[in-house]
Amino acid sequence: MTTDLVEERLERLQLIRDSARSVVPVETGAQRARALRFQQPGFDRTKWQEMSSLGWSGLRVPEDKGGSGLDVAALCAVAQQLGASLSPEPFIGVAGVAQLLQGDWLQSVLAGERIVVPAWLERPNDLAASVQTRFLQGRVSGVKRLVAGAAGANGFVVSTCEGPVLVERDAPGVALTIVALHDGGFVGDLRLEDAPATPLTSGAGAAAAFERIFEESALANAAYVLGAMEAAFDMTLAYMTVRKQFGKPIGSFQALQHRAVDLKIQLELTRAVVNEALRAMDDGAPPQDCQALVSRAKMRAAGAGMLIAKESVQFHGAMGMTDECDVGLYARKILAVHNDWGSTVAHRQRFATLELTRHG
């Protein structure tokens, strides 16, 4: 890639980040998170329509279908800002499955009038390729777990052995159980018993289309966690300059400085692996290479995110354990979402398998 193209890409990403900051600023993130938590659907529909009006719901949908036609780097840039501002809107899931929708459903999702989210997880520590749900004669049966955004969804893109299908929430045979999370958000367990469904793709490319979207969404989740840990770390550094002990700011103590440096290293390593993965996906790297890089990014983001969450609370002392302290909101959010789009265990297993295949 030429220098001019690199600079053009960086400028475009900066514009996207600036736009995202204007919609969901970090400064008001904690206040908005407190107002939305523990109340279904767990996110702000008005804010979601604003995001959709900016093209976020169709960010990965080609322009000739009414979308924004942007790349994975743009997807991750928006997700990172959403994480930094604790935004609970179902951006990653909707932006992913919108690529599979057609007709009225696509247009209504692009306009923010309907919300369609993916339903793929069936068992703990599984990834998208492990599916037992069946679609036969226009009807689908199976169980999907921990569906993010389910409390406010109008429909679901369900992964099946025969390819992804669209299921309306109010269709017969659809049972949804809402599960509250400790950060104040909600997910849903979806049970389908001969529910009417519409196939979205067919042929040999059906499974591949959903798996590609899965990889993009898993990487966007890592970017979301990266944004959340960045904000928690910045908040902690600011606290270290104002909190005094023995008449000095605690940031002047060498032991705490060393711990802060260790966290900064973890943060930058996470940023590096996320950026490497998104570049590989946008540059058309082989699927197995992309899968390995995505799993590495997920593992790194989960591990570093949990470390920074724990350390940030400890740096705040006893106050960090109180609900009034904003850093606790970030710790809960990271804990709640770091296993979305594949747990750390599942991605570690896949990464090891791919590396053994490549170098064994």
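Anything mentioned here points back to the structure above.
Not measured: the values here are computed from a predicted model.

Caption draft 1: Fine view of the environment of Val 117. Relative to the helices and strands, Val 117 is located in strand β1 (residues 116-119). A C-alpha to C-alpha distance of 44 Å links Val 117 and Gly 251, two positions 134 residues apart in sequence. Not counting residues within four places of it along the chain, the set of residues in contact with Val 117 comprises Pro 90, Val 94, Val 97, Val 147, Ala 148, Gly 149, Ala 153, Gly 155, Phe 156 and Val 157.

Caption draft 2: Representation of the sheet that holds strand β6 (residues 174-180) within the structure. Read across the open sheet, the 4 strands follow the order β2-β3-β7-β6; overall the sheet is antiparallel. Because the sheet does not close on itself, it has two edges, and the strands there are β2 (134-136) and β6. On average, each strand axis in the sheet is tilted by 15° relative to the strand beside it, whichever way the strands run. Here 7 bridges tie strand β3 (residues 139-148) to strand β7 (residues 186-196), and the two strands are oriented antiparallel to one another. Bridge pairing links Arg 139 to Pro 196 in β7.

Caption draft 3: Just the side chain of Lys 333, in detail. Here Lys 333 lies in helix α10 (residues 326-337). Looking at Lys 333, the relative accessible area reads 11%, which means it is buried. Within the structure, Lys 333 has its side chain in polar contact with the side chain of Asp 183 (distance 3.0 Å). If we skip the residues at most four places from it in the chain, Lys 333 touches Leu 86, Pro 88, Asp 183 and Tyr 224.

Caption draft 4: Focus on the pattern of salt bridges. For the structure on display, the rule yields 23 salt bridges. For Asp 323, the salt bridge identified is with Arg 37, shortest N-O distance 2.6 Å. Taken together, the residues Asp 323 in the loop between α9 (287-315) and α10 and Arg 37 in the loop between α2 (29-36) and α3 (45-53) connect sequence positions 286 residues apart. Overall, the relative accessible area of 31% leaves Asp 323 in the partly exposed class. The partner of Glu 215 in a salt bridge is Arg 350, with the nearest N and O atoms 2.7 Å apart. Taken together, the positions of Glu 215 in helix α7 (residues 205-242) and Arg 350 in helix α11 (residues 344-359) put the pair 135 residues apart, joining distant regions of the chain. For the pair Glu 215 and Arg 350, one class covers both residues: buried. By sharing partners, the salt bridges in this structure join Glu 122, Arg 123, Asp 126 and Lys 144 into a single network.

Conventions we followed
- Residues numbered from 1 in each chain as written.
- Predicted model: local features only at pLDDT ≥ 70, side-chain atom pairs only at ≥ 80, totals over all residues.
- Heavy atoms only, no water.
- Helix = DSSP H or I, 4+ residues; strand = E, 2+ residues; numbered from the N terminus.
- Contact = heavy atoms within 4.5 Å.
- Pairing = 2+ DSSP bridges.
- Axes fitted to C-alpha atoms, helices over the stretch in contact; angles between N-to-C directions.
- Buried < 20%, exposed > 50% of the residue type's maximum accessible area, 1.4 Å probe, protein only.
- Polar contact = N/O pair within 3.5 Å; in protein donor to acceptor, adjacent residues only side chain to side chain.
- Salt bridge = Lys/Arg side-chain N within 4 Å of Asp/Glu carboxyl O.

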